Every structure is written in C-alpha cells, then in structure tokens.
Amino acid sequence: MLRPILRLGDSILREPARPVAAITPEIETLIDDMIETMYAAPGIGLAAPQVGVSLRIFVVDLSVGRDPAGLSVMINPEFVAREGMQLEEEGCLSVPGFTATVARPKRVVVKGWDRHGDEHQLEGTGLLARALQHEMDHLQSCLFLDRLRGISRELIVRKIKKLSKVGKW
Ligand code: NI
C-alpha cells in the first residue's frame, strides 16, 4: 500500500527514530509499503520517518525496481566505515522540487538487519554511499538541507515558506 510521504515542516521528520525491537507482521507490512512508495515516487531511497513512522528502517534501490538485486532493506543500521569525500547534487522526496550540492564521504559501509532480522552489511561508493548516508541522516532527524552552508539553505527554506503561505507545500 502506498503511504503519503511527509514533507519538510512535519515534526516526525525532526524526531530521532527508535530502534526496531523485533520483525513483527506490522514491520513487514511497513517495509513492503516503503518499497512500493519509494518506487512509485519514484526515488532511490526512503526512510521510515518519511512515511510517518519513527523507526530505524530505510530502503534503498539505485535501480528503482528495475534490478531485483538493487534493493536493500536496512533495519537498525549503523555505520561501520566512512571515508573520502564527494560533492554531488542531492535531493529528497520530503523536499520535492529542490536539489543542492552536498559534501559526503565517498565510501561507506553500513550494517544492520535485513527484513528477516539477519545481520547484513552493505558497502557503497559514489551514489550508493550518498544514498546510504542520506537515509541514515533521516533516522537521526537530519535533512540534506541541514548539511548546506548558510545561503543555499536559506534560499531553499525561503522558497518553501512562500509555497506554504499559498498552500502549495
Ligand atoms: Ni530524503
């Protein structure tokens, strides 16, 4: 089932997500819904707080559903390694219509549970490293805007405020 994606301004996006205690049927449904919602958006990553559930879960798929091997589900994820630096354009389904250049480590390794509750590890460079870090940020209430320097952040925030005033956000 598709779930509505919350936008910047919703307080759930600003709460640190709680760890998942066990893989219950509700958690399995949530994961299925997150995958469906990510593909429909379409997007390459989605974190549970973006659909209003403050739990440490995210899904990523750089192929957006074209390659079954591209999908990863991460529950209770943690960084194992972060290194290097990359500067690329980035956006977010919770901040639709805006992108900005964000500095991120170039390579990351994340470990967590898969959807069966088994430990797994995911290594990413380039875009996958960026997506993993972006989703990890969502779990600690951080949006890509928070990683921008003053002026570029201000410009986007100001435009979103204008859109909100006329009911278009
Ligand atoms: Ni995002």
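Residues numbered from 1 in each chain as written. Predicted model: local features only at pLDDT ≥ 70, side-chain atom pairs only at ≥ 80, totals over all residues. Heavy atoms only, no water.

(A) Examining the side chain of Ser54 more closely. Residue position: Ser54 is located in the loop between β1 (45-47) and β2 (57-61). At 3.5 Å, the side chain of Ser54 forms a polar contact with the backbone oxygen of Pro16. Other than its neighbours up to four places away in sequence, Ser54 contacts Glu15, Pro16, Ala17 and Arg18. (Helix = DSSP H or I, 4+ residues; strand = E, 2+ residues; numbered from the N terminus. Polar contact = N/O pair within 3.5 Å; in protein donor to acceptor, adjacent residues only side chain to side chain. Contact = heavy atoms within 4.5 Å.)

(B) Representation of the layout of surface pockets. The space that makes up the largest pocket amounts to roughly 230 Å³. In this structure, the largest pocket is lined by 16 residues; those nearest its centre are Ile44, Gly91, Cys92, His134 and Glu135. Elements supplying a minimum of two residues to the lining of the largest pocket: β4 (86-91) and α2 (126-139). Ranked by residues supplied to the lining of the largest pocket, first place goes to α2 with six residues. Taken together, the residues of the lining of the largest pocket sort by class into six nonpolar, six polar and four charged. (1 Å grid on protein atoms, 1.4 Å probe; cavity = no way out; pocket = protein on both sides within 12 Å on 5 of 7 lines; lining within 4 Å. Points joined across faces, edges and corners; volume = space filled by probe spheres on them. Nonpolar A, V, L, I, M, F, W, Y, C, P; charged D, E, K, R; others polar.)

(C) Layout of α2. For α2, built from 14 residues, the straight-helix expectation of 20 Å at 1.5 Å per residue is met to within 8% by its first-to-last C-alpha distance of 21 Å. With twelve of 14 residues buried, α2 lies mostly within the body of the structure. If you check which residues of α2 are buried, you get Leu128, Ala129, Arg130, Ala131, Leu132, Gln133, His134, Glu135, Met136, Asp137, His138 and Leu139. Where α2 ends, the next residue or the one after it, Ser141, has phi of about 65°, a positive value. (Expected span 1.5 Å × (residues − 1). Buried < 20%, exposed > 50% of the residue type's maximum accessible area, 1.4 Å probe, protein only.)

(D) Seen up close, the sheet that holds β2. Spatially, β1-β2-β3-β6-β7 is the arrangement adopted by the five strands of the open sheet, whose pairing is antiparallel. Of all the strands in the sheet, just β1 and β7 (119-125) have a single pairing partner and so form its edges. Pairs of neighbouring strands in the sheet enclose a mean axial angle of 40°, with direction left out of account. Against the sheet, helix α1 (residues 25-40) contacts β1, β2 and β3 (71-83), and its axis sits at roughly 40° relative to β2. Contacting β1, β2, β3, β6 (107-113) and β7, α2 runs over the sheet at an angle of about 160° to β2. (Pairing = 2+ DSSP bridges. Axes fitted to C-alpha atoms, helices over the stretch in contact; angles between N-to-C directions.)

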